[in-house]
Amino acid sequence: MKLPVYLDYNATTPVDPRVLEEMLPYFSLKFGNAASRTHAFGWEAEEATDIAREQIAALIGAHPHEIVFTSGATEAVNLAIKGIIENFSGAKKHIITVATEHKAVLDTCKALEKNGHPVTYLPVNTDGSIDLNVLENAITSNTALISVMYANNETGYVMPIREISDIAKKHHILLMTDASQAVGKIPVNVQLDGIDLMTFSAHKLYGPKGVGALYVRKKNPSVSLIAQIDGGGHERNMRSGTLNVPGIVGFGKACEICQNEMLSEGKRLANLRDMFESKLLALNDIHINAAENNHRLPHATNLSFQGIDGEKMIFETSSDLAFSRSSACTSATLEPSYVLKAMGLADELIHNTFRFSFGRFSTESEVEHAAEVISNIVKQHRHERNFGHHPIV
Ligand SMILES: Cc1ncc(COP(=O)(O)O)c(C=O)c1O
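Notes on the structure in this doc start here. (Residues numbered from 1 in each chain as written. Predicted model: local features only at pLDDT ≥ 70, side-chain atom pairs only at ≥ 80, totals over all residues. Heavy atoms only, no water.)

**Notes on the packing of helix H8 (residues 245-281) against helix H12 (residues 364-387)**
Item 1. The N-to-C vectors of H8 and H12 enclose an angle of 20 degrees; their axes lie 9 Å apart at closest approach. For the element pair H8 / H12, the angle class is roughly parallel. Taken as a pair, H8 and H12 cross one another with a handedness that is right-handed. From H8, Leu272, Met275, Phe276, Lys279 and Leu280 reach across to H12, where they touch Glu364, Val367, Glu368, Ala370, Ala371, Ile374 and Ser375.
Item 2. Partitioned by chemical class, the residues of the contact of H8 with H12 number eight nonpolar, one polar and three charged. (Axes fitted to C-alpha atoms, helices over the stretch in contact; angles between N-to-C directions. Helix = DSSP H or I, 4+ residues; strand = E, 2+ residues; numbered from the N terminus. Parallel < 35°, antiparallel > 145°, perpendicular 65-115°, else oblique. Left-handed = near helix turned anticlockwise from the far one by under 90°. Contact = heavy atoms within 4.5 Å. Nonpolar A, V, L, I, M, F, W, Y, C, P; charged D, E, K, R; others polar.)

Structure representation (structure tokens):
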């Protein structure tokens, strides 16, 4: 077994070798600019991005022309939210979002707030859910956008997007969802789910880093937005800049693989996750956050451990295991996770809470090893707490 065991698939995933193979020719052999219309190099690159567009659209039930390529989910979120709000020229439009969204959404909303656009940050319940009545009551005649993530990156909590969409539709408000953690992991269908704008990222689904997409609905309703990057008018004037052809080819292949393997992979990972949880829960005083089975990603768990020293646990397990406390973007700060805080966890417990996320290349023996290493550390910490630094006998 290769150590440390990777248990942080929600932060990023390795590129699947099948994806890499597909990408390689597009670096130096088929290096054309997809916007070059006058020669075969350009046509070849454009054709490759068209195929990727189809593969990506197929995974989410969209039309290929509804896909706008970006540098990742963060850029796609910025384009979606700012692009929609700026489209209402002059008016100060209201946005509704949730306290547990990724920083990409929260900080984009904060930037708009500074420009005078009111934003409502909905609270969450202890399980990570939102109260749909509170959502509906937050809607005003000025509300332009509801932005609710599909699945949470820290807890794996899956939002009831269809129900949220029903509310948005009833009030003729656009629904945007950051589905970075859901696409390729669980079935997401923009038609069935009634989504108007959706963001996702290749590196979360075994594709390369630095490429993502924004789904923009073309019909019922036709959504328009203001570009945030101006230039050559690529991506139907929504996002200028030469396309990252190898990245996009990889993104497409990664989506195709997810479409074929997602359901069986999800079942396998849910079994591994359940096995991991049951081994640890046997120790008592361990709590799963956002544990509701109908509302969780199959491959992730967020666990609070009582009676341990969280900082020491990370340090002591680091040669064996790679897991995290919250999102990768916020893991450098010592601030307790705002997601868990919003769910009502006390700061002290947040400090002892970790997310473990499994993926395509996780094996049963790796997960068993992880459970064993963590169990031993938890026992050791609790023993030290009760009896001082004497070995467990
Ligand atoms: C829920 C969520 N949204 C957005 C992002 C940002 O994605 P990217 O790294 O592609 O900008 C991430 C990844 O960290 C995420 O987990």
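There is more to say, and it comes next.
**Re the state of the cysteines**
Item 1. Under the criterion given, the structure shown has zero disulfides.
Item 2. This cysteine, cysteine 258, is not joined by any disulfide, and cysteine 255 carries the nearest cysteine sulfur, 6.3 Å off.
Item 3. Classification of cysteine 258 as buried rests on a relative accessible area of 0%. (Disulfide = S-S within 2.5 Å. Buried < 20%, exposed > 50% of the residue type's maximum accessible area, 1.4 Å probe, protein only.)

**With respect to the environment of valine 339**
Item 1. By secondary structure assignment, the location of valine 339 is in helix H10 (residues 338-342).
Item 2. Once you skip the residues sitting within four places of it in the chain, valine 339 turns out to touch Thr100, Asn152, Glu154 and Thr155.

**Side note on a negative patch on the surface**
Item 1. A cluster of acidic side chains, namely Glu44, Glu47, Asp50 and Glu54, defines a negative patch on the protein surface.
Item 2. Overall, glutamate 47 belongs to the exposed group, its relative accessible area being 52%. (Patch = residues over 30% accessible without salt bridge, like charges linked within 9 Å, V, L, I, M, F, W, Y side chains within 5 Å. Areas by Shrake-Rupley, 256 points an atom, 1.4 Å probe, with all protein chains shown as cover. Salt bridge = Lys/Arg side-chain N within 4 Å of Asp/Glu carboxyl O. Lys, Arg positive; Asp, Glu negative; His and termini not counted. Charge placed at Lys NZ, Arg CZ, Asp CG, Glu CD.)

**Observations regarding the environment of proline 123**
Item 1. Looking at the secondary structure, you find proline 123 in the loop between strand S4 (119-122) and helix H6 (132-138).
Item 2. Note: C-alpha distance between proline 123 and alanine 342 (219 residues apart in sequence) is 6.8 Å.
Item 3. Those residues in contact with proline 123 that sit more than four places away from it in its chain are Ser129, Ile130 and Val134.

None of the figures reported here should be taken as evidence of function without further support.
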